[in-house]
2 protein chains.
Amino acid sequence: MRTVSDIGERALVDLIRARVPPAPESVIVGIGDDAAVVEPVRGMLTVLTTDALVEGIHFDRAFASAADVGHKALAVNLSDIAAMGGRPSVALLSLALPDGMAAADVEALVDALVALAAAHHVALVGGNITRSPGPLVVDVTLTGAVHRRRILRRGGARAGDELFVSGMIGGAAAGLAWLRAGRPAGPAALGAAAIRYLRPEPRVRLGLLVGRGRAASACVDLSDGLADGVRQIAGASGTGAFVEADAVPIDEGARAWFGARGVDALDAALAGGEDYELLVAVPRRLRGRFRAAAAAARGVRLTRIGALTAEPAIRLRRGGVERPLPTGFQHFTEGTGLAAR
Amino acid sequence: MRTVSDIGERALVDLIRARVPPAPESVIVGIGDDAAVVEPVRGMLTVLTTDALVEGIHFDRAFASAADVGHKALAVNLSDIAAMGGRPSVALLSLALPDGMAAADVEALVDALVALAAAHHVALVGGNITRSPGPLVVDVTLTGAVHRRRILRRGGARAGDELFVSGMIGGAAAGLAWLRAGRPAGPAALGAAAIRYLRPEPRVRLGLLVGRGRAASACVDLSDGLADGVRQIAGASGTGAFVEADAVPIDEGARAWFGARGVDALDAALAGGEDYELLVAVPRRLRGRFRAAAAAARGVRLTRIGALTAEPAIRLRRGGVERPLPTGFQHFTEGTGLAAR
């Protein structure tokens, strides 16, 4: 097996370069110089995010292939751009590679990243390669373009605004648990949940449509779970919030996995991160615009799960009883954002 | 001692945020949202680079303080922007932190990075924090602005163009060797060389002036050594090159350290990386412009060390004898660039 230390760093750069399709005209200087040079989109602001996947923290190579890691490293950044209402444009890839890593795995990682980039019209314009004495680290920086009046922030929502979530929640947490347990026999929904975890499909089109339609007062992506997302929007907006337990759209795999283990699937779904869905606050007067944006994002289910409140508490309503919304993901065990995640 | 795992990731983000000065008006959304949003400089292109420092590969915490690491992580990216003729604008900081790292060290790292950023009018607008199961990894992404006709590429130079290098060469290599040896007693130049290694001062003003003055046909920074830089420009320009041995401005610490050990200081200086000086190719007809740019970059010494040639060989001329220029840094042992370093 040819490893990265066999072939050397210059050859690795050439290997990556050969796998990247020709850059669009807006890329003036691409891979191979001291830095990349790109043309910003005229009249638009630039969105910038960076997010790293670290082996042993964010993925386990026992069940995440190099291609999975390459896909997800870009996907989590696409999700951040989507949550701002931006259109993604160019990416940088910074790799710290363990000496023993197979060159074929670097190829697979880059191919999957480039394939997802192409699907979103993103150009890989540069990056960095270094050795790692420990884990594989894949750090992606992604830029995007957004109109000044169409930025989706996490603050700025008001009491009374309704909360909508895209897709289904809890699938990634169930998928990860199932993979960690060695993929025991079970319903097909578990395999689908594992794919949600390994290969998230960020809601880029939805974020762009909601931003363009000026159809929301706030938005975050659910990298750290739904409970955390609700707290982020409420906290940044200076409001409280409630979530209707029965309204939360729980993934079928999460119901199956957690249900069979005596774990409350709702609690698991609220706390489980990595679904990379969007949580959107919508003032009542914008409900029509929001429905129109949602309809244009064909095939994305949007569910009203609660609302922001004037009282500062963050609560869960279930069968007429209210209790504090469980705290989501709060440990120092996953990536979090400065301006990302 | 309070460690990063004691205080948790959200508190770490707050800690960093509190140490970052208020952002300029061009930063529309800064630290704390899913992504940052900035206003590009009107009429300019965007320069983008990313470069990581990995503990055990790029630095040893036995002799590099957290503050040194924070300074250098930004400095190496500033050097890449300088080598393109760009003016640096905003930075993202992606940290992978070992659990046992002292919170005070994170503070020192961020303070040093922010201090260097302020000196170059760079705003830290976002980033990412995650745990590391192994080394400390500090990955910085830096943007800059450059005029379309003032980009300094590494290719595009021609046979006959003269090669100029800024500053003195070999100091960083000597400084690193001296630190690794436990700082044995010796001339003061060794301490200065160690500072060159630990706290490089990138040639941002020089790069900007040379780019603005359209005073060069090609430029690279010397992250991987002078021999490598000459090969990069010649390779990308489709020329050969020669270097005059006697002209190479060798750092006093390098002369002292390598001379005392029977190592040819010139060879060490040619191969040693991390000087972060600029190597510039200047056509004869632009010599006046280049002198003017160099004079405006007050206090930066520029030395003519050779020229590009029509013959493809890369040679070293010493005392009337020519031999191949020693191969510089080629191992998979340091960071290299896709569009960086």
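Before any of the text, the structure's been laid out above.
Since this is a predicted model, take the numbers as computed values, not measurements. (Residues numbered from 1 in each chain as written. Chains lettered and ligands numbered in written order. Predicted model: local features only at pLDDT ≥ 70, side-chain atom pairs only at ≥ 80, totals over all residues. Heavy atoms only, no water.)

## Section: the relation of the copies chain B and chain A
Okay, step 1: Of the transformation placing chain B onto chain A, the axial shift is 0.0 Å and the rotation is 180°, giving an RMSD of 0.0 Å. What the superposition gives is, in effect, a two-fold axis relating one chain to the other. Of every C-alpha in chain B, the one belonging to Gly134 of chain B sits nearest the axis of rotation, 2.6 Å from it. (Least-squares fit on C-alpha atoms with pLDDT ≥ 70 in both.)

## A word on the packing of aromatic side chains
Okay, step 1: Per the counting criterion, the structure on display carries two aromatic pairs over all chains.
Okay, step 2: When the centroid spacing of 4.7 Å and the interplanar angle of 45° are considered together, the rings of Phe164 of chain A and Phe290 of chain A count as tilted. Here Phe290 of chain A lies in helix 11 (residues 287–296) and Phe164 of chain A lies in strand 7 (residues 162–166), a separation of 126 residues in the sequence. Exposure class is identical for Phe164 of chain A and Phe290 of chain A. Each is buried.
Okay, step 3: Over the face of the ring belonging to Tyr197 of chain A we find Lys72 of chain A, whose NZ or CZ atom lies 3.8 Å from the ring centre.
Okay, step 4: Taking NZ or CZ as reference, Arg317 of chain B lies 3.6 Å from the ring centre of Phe242 of chain B, over its face. (Phe/Tyr/Trp six-rings, centres within 6.5 Å; stacked < 30°, edge-to-face > 60°. Helix = DSSP H or I, 4+ residues; strand = E, 2+ residues; numbered from the N terminus. Buried < 20%, exposed > 50% of the residue type's maximum accessible area, 1.4 Å probe, protein only. Lys NZ or Arg CZ within 6 Å of the ring centre and 35° of its normal.)

## Thoughts on the environment of Ile28 of chain A
Okay, step 1: Among the structural elements, Ile28 of chain A can be located in strand 1 (residues 27–29).
Okay, step 2: Spatially, the C-alpha atoms of Ile28 of chain A and Glu39 of chain A are 7.1 Å apart, while their sequence positions differ by 11 residues.
Okay, step 3: Residue contacts for Ile28 of chain A: discarding those within four places in its chain leaves Val37, Val38 and Glu39 of chain A together with Leu45, Arg148, Ile151 and Arg153 of chain B. (Contact = heavy atoms within 4.5 Å.)

## Notes on the packing of helix 5 (residues 171–180) of chain A against helix 6 (residues 188–198) of chain A
All names here are of chain A.
Okay, step 1: Helix 6 packs onto helix 5 with a crossing angle of 105° between their chain directions and a minimal axis gap of 7 Å. Overall, the two elements helix 5 and helix 6 adopt an arrangement that is roughly perpendicular. Where helix 5 approaches helix 6, its residues Gly171, Ala172, Ala174, Gly175, Leu176, Trp178 and Leu179 are matched on the opposing element by Leu190, Gly191, Ala193, Ala194, Arg196, Tyr197 and Leu198.
Okay, step 2: Of the residues contributing to the contact of helix 5 with helix 6, the split by class is 10 nonpolar, three polar and one charged. (Axes fitted to C-alpha atoms, helices over the stretch in contact; angles between N-to-C directions. Parallel < 35°, antiparallel > 145°, perpendicular 65-115°, else oblique. Nonpolar A, V, L, I, M, F, W, Y, C, P; charged D, E, K, R; others polar.)

## What to know about the interface of chain B and chain A
Okay, step 1: The interface is formed by 83 residues belonging to chain B together with 83 residues belonging to chain A.
Okay, step 2: Interface area, chain B with chain A, both sides summed: about 6700 Å², of which 59% is carbon and sulfur.
Okay, step 3: Where chain B touches chain A, the interface holds 10 salt bridges.
Okay, step 4: Broken down by element, the side of chain B that touches chain A gets its largest block of residues, nine residues, from strand 3 (residues 45–54) of chain B.
Okay, step 5: Partitioning the side of chain B that touches chain A into residue classes produces 40 nonpolar, 24 polar and 19 charged. (Buried area = accessible area lost by both parts, 1.4 Å probe. Salt bridge = Lys/Arg side-chain N within 4 Å of Asp/Glu carboxyl O.)

## Comments concerning the sheet that holds strand 13 (residues 321–324) of chain B
All names here are of chain B.
Okay, step 1: Sheet architecture is open: seven strands sit in the order 8-10-7-11-9-12-13, paired in mixed fashion. Only two strands of the sheet have a single neighbouring strand rather than two, namely strand 8 (218–221) and strand 13. Strand-to-strand twist in this sheet, taken as the mean axis angle between neighbours without regard to direction, amounts to 25°.
Okay, step 2: Bridge analysis of strand 12 (residues 314–318) against strand 13 gives four bridges, and the strand direction is antiparallel. Across the sheet, the residue bridging to Arg318 is Val321, located in strand 13. (Pairing = 2+ DSSP bridges.)

## Focus: helix 6 of chain A
Okay, step 1: Ala189, Leu190, Ala193, Ala194, Tyr197 and Leu198 of chain A are the residues of helix 6 of chain A that are buried.
Okay, step 2: Residues of helix 6 of chain A that are buried make contact with helix 3 (66–83), helix 5 and helix 9 (252–259) of chain A.

## Quick look at the sheet that holds strand 11 (residues 302–309) of chain A
Residue and element names in this part refer to chain A.
Okay, step 1: Sheet architecture is open: seven strands sit in the order 8-10-7-11-9-12-13, paired in mixed fashion. Each of the sheet's edge strands pairs with one partner strand only, and the pair in question is strand 8 (218–221) and strand 13 (321–324). When strand polarity is set aside, the average angle formed by the axes of neighbouring strands in this sheet is 25°.
Okay, step 2: Each of strand 8 and strand 10 (278–282) touches helix 3; the most contacted strand, strand 8, lies at about 175° to it.

## Details of the pattern of salt bridges
Okay, step 1: Considering all chains together, one arrives at 46 salt bridges over all chains under this definition.
Okay, step 2: Between Asp228 of chain B and Arg10 of chain A there is a salt bridge, and its shortest N-O distance comes to 2.8 Å. Here Asp228 of chain B, found in helix 8 (residues 226–237), pairs with Arg10 of chain A, found in helix 2 (residues 9–19), and the two come from separate chains.
Okay, step 3: On the accessibility criterion, Asp228 of chain B (7% relative accessible area) is buried.
Okay, step 4: The partner of Lys72 of chain A in a salt bridge is Glu274 of chain A, and the shortest N-O contact between them spans 2.7 Å. You can see Lys72 of chain A sitting in helix 3 and its partner Glu274 of chain A sitting in the loop between helix 10 (265–271) and strand 10, a full 202 residues away along the chain. In this pair, the class of Lys72 of chain A matches that of Glu274 of chain A, namely buried.
Okay, step 5: Through salt bridges with shared partners, a single network forms among Glu244, Glu311, Arg315, Arg317 and Glu322 of chain A.

## Here's the deal with helix 5 (residues 171–180) of chain B
All names here are of chain B.
Okay, step 1: With eight of its 10 residues buried, helix 5 lies for the most part within the structure.
Okay, step 2: Taken as a whole, helix 5 has its buried residues at Gly171, Ala172, Ala173, Ala174, Gly175, Leu176, Trp178 and Leu179.
Okay, step 3: Taken together, the buried residues of helix 5 touch helix 6 (188–198) and helix 9 (252–259).
Okay, step 4: Phi turns positive, to about 90°, at Gly182, one or two residues after helix 5.

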